[in-house]
Amino acid sequence: MTTSIQGILKDRIMKQIRELNVEEIKKNMDKTDTITLYHGTNTFHLNSILENGILPQNLTGNNNWEKPEALANENVVYLTNKWHYWYAYNSLEKVLERTYGENWRDIKEAQWYNTGKIFPIYLKINVPRSLCVLDEDIVYSKLVKDKITQAVKRDGDLTLNLTWEDCLAYHGTVGVLGSIP
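From a predicted model like this one, the values you see are computed outputs, not experimental measurements.

## Re helix α7 (residues 142–153)
Side chains of residues three or four places apart in an α-helix project in the same direction, reflecting 3.6 residues per turn. Compared with an ideal rise of 1.5 Å per residue, which puts 12 residues at 16 Å, α7 spans 16 Å between its outermost C-alpha atoms and is within 8% of the ideal. Here α7 has its buried residues at Leu143, Val144, Ile148 and Ala151. Projected onto a plane normal to the axis of α7, the buried residues spread over an arc of 135 degrees and lie on a single side. Along α7, exposed side chains directed more than 90 degrees from the buried face belong to Lys142, Val152 and Lys153. In this structure, the buried residues of α7 make contact with α1 (5–18) and α8 (164–171).

Pasting the structure below:
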């Protein structure tokens, strides 16, 4: 079995993020140094979010991605500066699929745009910058693919020096450590 360079890099990024001491970062962070980002979700999850905050996958068990290579870091909440409505719609589709099955589009009660019972929403959130981390899926971006190509042409040194700001600029998403109240 072969593993892609991107898969190896993704695993390394996820491991580095898991090893961060979130409590220590929270204790030393500047709570006024924030960035405004968005979280796509749906009204099915809204009450839970209002009561408990936006929780990472390890606390909710929610996973909107089926492909193994798309699995998320379970200790991180993902936010975006570009794709909030797309993520909201995707999360709505996953709730409808879990509720009504794969053919939910053919079931009258599941046609959210007609029933008004559930619909996609996005939340605007101010997040402390010090809690932002790489979204490991940046390894599939053109930026990283170009860096890999350059490393191969040079001497093989694959030091990427990626920041969460790169994630927002080139990938449109970023991870946030822990829960978001």
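Now, onward.
## Things to note about the pairing of strand β5 (residues 173–177)
Of all 5 residues in β5, 5 are buried; the element is thus mostly enclosed. Both faces of β5 are covered, namely the face carrying Thr173, Gly175 and Leu177 and the face carrying Val174 and Val176. Pairing of strand β2 (residues 76–80) with β5, which is carried by 5 bridges, proceeds in the antiparallel orientation. From the neighbouring strand, threonine 80 faces β5, where its bridge partner is threonine 173. Sheet analysis places strand β4 (residues 132–133) next to β5, joined by 2 bridges and oriented antiparallel. Bridge pairing links valine 133 to glycine 175 in β5.

Calculation notes
- Residues numbered from 1 in each chain as written.
- Predicted model: local features only at pLDDT ≥ 70, side-chain atom pairs only at ≥ 80, totals over all residues.
- Heavy atoms only, no water.
- Helix = DSSP H or I, 4+ residues; strand = E, 2+ residues; numbered from the N terminus.
- Expected span 1.5 Å × (residues − 1).
- Buried < 20%, exposed > 50% of the residue type's maximum accessible area, 1.4 Å probe, protein only.
- Arc of directions from axis to C-beta.
- Contact = heavy atoms within 4.5 Å.
- Pairing = 2+ DSSP bridges.

The values are spatial; any link to function lies outside them.
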